[in-house]
Amino acid sequence: MNKTLNVKNITLISMGIALNVVGAFIALNLRLPIYLDSIGTILIACMLGPKYAVITGVGGSLVSGMTFDIYSLYFAPVQITTGYLAGLMYKKGMLKGVKTLLGTFIFTLPTSIISATIAAFLFGGVTSSGSSYIVQILSHFNVPVVVGVFVTQVFTDYADKFLAVVLVGIVVNSMPKALKTSMTTNK
């Protein structure tokens, strides 16, 4: 049975977008070296699947980009990749138990490559993120900008996505079975 974009799904996607925006706002204002902008995307990937996670990620990027962080608009492709691949990893059981470390890495590596490319070539390695401080420190040690951005992205993206997966796992596992079943039916 195909899942349609019903009121329940729209509500969950909106909640995911709000989580992304609030997380991004907190990370930006505290200048954290992680992003916290994909918690909602990963939650929706686990609850509704990749297609809806992509919508959630792009929605979060648009809202953040139009309200407080213009850079967020440029990183929408990262959210698309995160939503799609996190949904696939969840469906394959790679975001549960000990497989979480590998599953998170599998969907983080492509997003890191995309993030690094955008950050390095569009912005010279300096964005609104707290991870830009790491890039600047590496540049003082004569690490080329592209290398510094890539290394920074891999480590900070992995930490960010792993934290998001753990938080989402806690939320999903603490949901009553009846609620979880009703939300994930027809995924």
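In what follows, the accompanying structure is described. It should be emphasised that the depicted structure is a prediction, and the values quoted were computed from it without experimental measurement. (Residues numbered from 1 in each chain as written. Predicted model: local features only at pLDDT ≥ 70, side-chain atom pairs only at ≥ 80, totals over all residues. Heavy atoms only, no water.)

## Quick look at the packing of aromatic side chains
So, step 1. For the coordinates displayed, the defined rule picks out six aromatic pairs.
So, step 2. On the basis of an interplanar angle of 80° and a centroid distance of 5.2 Å, the ring pair of Tyr74 and Phe123 is categorised as edge-to-face. One end of the pair, Tyr74, is in helix H4 (residues 71–74); the other, Phe123, is in helix H6 (residues 99–123), with 49 residues separating them in the sequence.
So, step 3. On the numbers, 6.2 Å between centres and 25° between planes, the contact of Phe75 with Phe123 is stacked. (Phe/Tyr/Trp six-rings, centres within 6.5 Å; stacked < 30°, edge-to-face > 60°. Helix = DSSP H or I, 4+ residues; strand = E, 2+ residues; numbered from the N terminus.)

## Some words on the packing of helix H1 (residues 7–30) against helix H2 (residues 39–47)
So, step 1. Where H1 meets H2, the closest approach of the two axes is 6 Å, and the angle between their N-to-C directions is 150°. As judged from the angle between their axes, H1 and H2 are roughly antiparallel. Contact with H1, carried on its side by Leu12, Ile13, Met15, Gly16, Leu19 and Asn20, involves Ile39, Gly40, Thr41, Leu43, Ile44 and Met47 of H2 and no other residues of that element. (Axes fitted to C-alpha atoms, helices over the stretch in contact; angles between N-to-C directions. Parallel < 35°, antiparallel > 145°, perpendicular 65-115°, else oblique. Contact = heavy atoms within 4.5 Å.)

## Some points on the side chain of Thr111
So, step 1. Along the chain, Thr111 turns up in helix H6.
So, step 2. The exposure class assigned to Thr111 is buried, which follows from its relative accessible area of 0%.
So, step 3. A polar atom in the side chain of Thr111 sits 2.7 Å from the backbone oxygen of Thr108.
So, step 4. For Thr111, the contacting residues outside a window of four places in its chain are Val78, Thr81, Thr82, Asp157 and Lys161. (Buried < 20%, exposed > 50% of the residue type's maximum accessible area, 1.4 Å probe, protein only. Polar contact = N/O pair within 3.5 Å; in protein donor to acceptor, adjacent residues only side chain to side chain.)

## Observations concerning unusual backbone geometry
So, step 1. We note that Leu36 has phi near 55°; this positive angle belongs to a residue other than glycine.
So, step 2. Following the sequence through the fold, Leu36 ends up in the loop between H1 and H2.
So, step 3. Looking at Leu36, the relative accessible area reads 11%, which means it is buried.
So, step 4. A positive phi is found at Asn142, a non-glycine position, where the angle reads about 65°.
So, step 5. If you trace the backbone, Asn142 turns up in the loop between helix H7 (131–140) and helix H8 (145–174).

## Notes on the environment of Ile80
So, step 1. Positionally, Ile80 belongs in helix H5 (residues 76–91).
So, step 2. Sequence-wise, Ile80 and Thr41 are 39 residues apart; in three dimensions their C-alpha atoms are separated by 9.0 Å.
So, step 3. Residue contacts for Ile80: discarding those within four places in its chain leaves Val54 and Val58.

## A closer look at the pattern of salt bridges
When their charged atoms lie close together, side chains carrying opposite charge are able to pair.
So, step 1. The final tally for this structure, using the stated rule, is two salt bridges.
So, step 2. Its salt-bridge partner being Asp157, residue Lys161 comes within 4.0 Å of it at the nearest N-O pair. You can see Lys161 and its partner Asp157 sitting in helix H8, four residues apart, about one turn around the helix. You'll find Lys161 and Asp157 in the same group, each marked buried.
So, step 3. Asp160 is the salt-bridge partner of Lys161, the closest N and O atoms lying 3.3 Å from each other.
So, step 4. The exposure class of Asp160 is buried, given its relative accessible area of 1%.
So, step 5. Ionic contacts of the salt-bridge type, sharing partners, join the residues Asp157, Asp160 and Lys161 into one network. (Salt bridge = Lys/Arg side-chain N within 4 Å of Asp/Glu carboxyl O.)

## Observations regarding the environment of Thr156
So, step 1. On the secondary structure map, Thr156 appears in helix H8.
So, step 2. Classification of Thr156 by relative accessible area gives buried; the value is 6%.
So, step 3. A sequence separation of 29 residues divides Thr156 from Thr127, and the C-alpha atoms of the two residues are 14 Å apart.
So, step 4. Within the structure, the side chain of Thr156 is placed 2.7 Å from the backbone oxygen of Thr152, a separation counted as a polar contact.

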